[in-house]
Amino acid sequence: MKLSEPLIKILAKKYEPSSMINSSYKDNDIALKTDAEGNAVLLFIGKATEKGTIKGERYARTLKKDKDGNIIKDHWELKGKAT
């Protein structure tokens with residue numbers, strides 16, 4: 001599954017630093033893990049189980065910044081199944 005533009009816009013927002021955010025997008029449940037700056041760096045998308053874990057797909061984000069802190073690379077990559 002490729003990430004859609006509306007979902008990428010949701011993922012580009014700033015969230016609470018170093019936390020796990022649970023939400024939903026269309027018919028899927030999503031969980032976002034954020035870094036120390038509040039950027040989403042892990043995405044789990046699929047259906048939530050009874051235990052609260054997401055069964056579906058896992059994505060990781062690559063954020064590279066220059067010495068001034070400007071983002072020079074922002075890329076989401078499918079890492080495989082999330083169970």
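Anything mentioned here points back to the structure above.
Starting from 1, residues in each chain are numbered consecutively following that chain's sequence as written. A pLDDT threshold of at least 70 governs which residues receive local features in this predicted model, and a stricter bar of 80 or more applies before side-chain atom pairs are shown or counted, although totals over entire chains, interfaces and linings include all residues. The side-chain values count all of the structure's non-hydrogen atoms but skip hydrogen atoms and water molecules.

### Quick word on the pairing of strand 5 (residues 71-82)
Move 1: When strand 4 (residues 54-65) meets strand 5, the two strands line up antiparallel, connected through ten bridges. Residue pairing in the sheet places Lys 65 in a bridge with Ile 71 of strand 5.
Move 2: Two strands form a pair only when DSSP identifies at least two bridges running between them. Going along the chain from the N terminus, every DSSP run of H or I of four or more residues is numbered as a helix, and every run of E of two or more is numbered as a strand. The hairpin turn running from strand 4 into strand 5, its antiparallel successor, is five residues long, and Gly 69 in that turn takes a positive phi close to 90°.

### Here we look at the sheet that holds strand 5
Move 1: Spatial ordering of the open sheet is given by 1-2-3-4-5, a layout of five strands whose pairing is antiparallel. At either margin of the open sheet sits one strand with a lone partner, and together these are strand 1 (20-25) and strand 5. Strand-to-strand twist of the sheet, defined as the mean angle between neighbouring strand axes without regard to direction, takes the value 20°.
Move 2: In this sheet, strand 3 (residues 40-48) lies alongside strand 2 (residues 28-34) in antiparallel orientation, the contact comprising six bridges. A fitted line through C-alpha atoms serves as each axis, taken over the contacting stretch for helices, and the angle formed by two N-to-C directions is quoted from 0 to 180°.

### What about the side chain of Ser 19?
Move 1: Looking at the element boundaries, Ser 19 is found in the loop between helix 1 (5-11) and strand 1.
Move 2: Burial status follows relative accessibility: with a 1.4 Å probe on protein chains alone, a residue under 20% of its type maximum counts as buried, one over 50% as exposed, and anything between as partly exposed. On the accessibility criterion, Ser 19 (15% relative accessible area) is buried.
Move 3: Between two residues, a contact is recorded if the distance between any of their heavy atoms is within 4.5 Å. Not counting the four nearest positions on each side in its chain, Ser 19 is found in contact with Leu 32, Lys 33 and Thr 34.

### Things to note about the pairing of strand 3
Move 1: Taking the residues between adjacent antiparallel strands as the criterion, strand 2 and strand 3 are bridged by five residues, where Gly 38 takes a positive phi near 95°.
Move 2: Two elements, strand 3 and strand 4, share seven bridges in a ladder whose sense is antiparallel. The partner of Ala 48 across the bridge, within strand 4, is Ile 54.
Move 3: If you look at the hairpin formed by strand 3 and strand 4, you'll find five residues sitting between the two strands, and Gly 52 has a positive phi there, around 95°.

### Quick look at the nonpolar core
When a protein is soluble and globular, its nonpolar side chains tend to lie buried together.
Move 1: Counting residues in each nonpolar core, the largest one holds eleven residues, listed as Leu 3, Leu 7, Leu 11, Tyr 25, Ile 30, Leu 32, Ala 40, Leu 43, Ile 45, Tyr 59 and Trp 76.
Move 2: Breaking this core down by element, the ones donating at least two residues are helix 1, strand 2 and strand 3.
Move 3: If you tally residues by element for this core, the top one is strand 3, at three residues.
Move 4: Those residues in contact with Leu 32, other than ones at most four positions away along the chain, are Leu 11, Tyr 15, Ser 19, Met 20, Ile 21, Ala 40, Leu 42 and Leu 43. What we call a nonpolar core is a set of buried Ala, Val, Leu, Ile, Met, Phe, Trp, Tyr and Cys residues that are connected through their side-chain atoms within 4.5 Å.

### Points about the environment of Ala 36
Move 1: Within the element layout of this structure, Ala 36 appears in the loop between strand 2 and strand 3.
Move 2: Assessed through its relative accessible area of 63%, Ala 36 is described here as exposed.
Move 3: Residues Ala 36 and Tyr 15, spaced 21 residues apart in sequence, show a C-alpha to C-alpha distance of 9.9 Å.
Move 4: Dropping the residues within four chain positions of it, Ala 36 is found in contact with Pro 17 and Ser 18.

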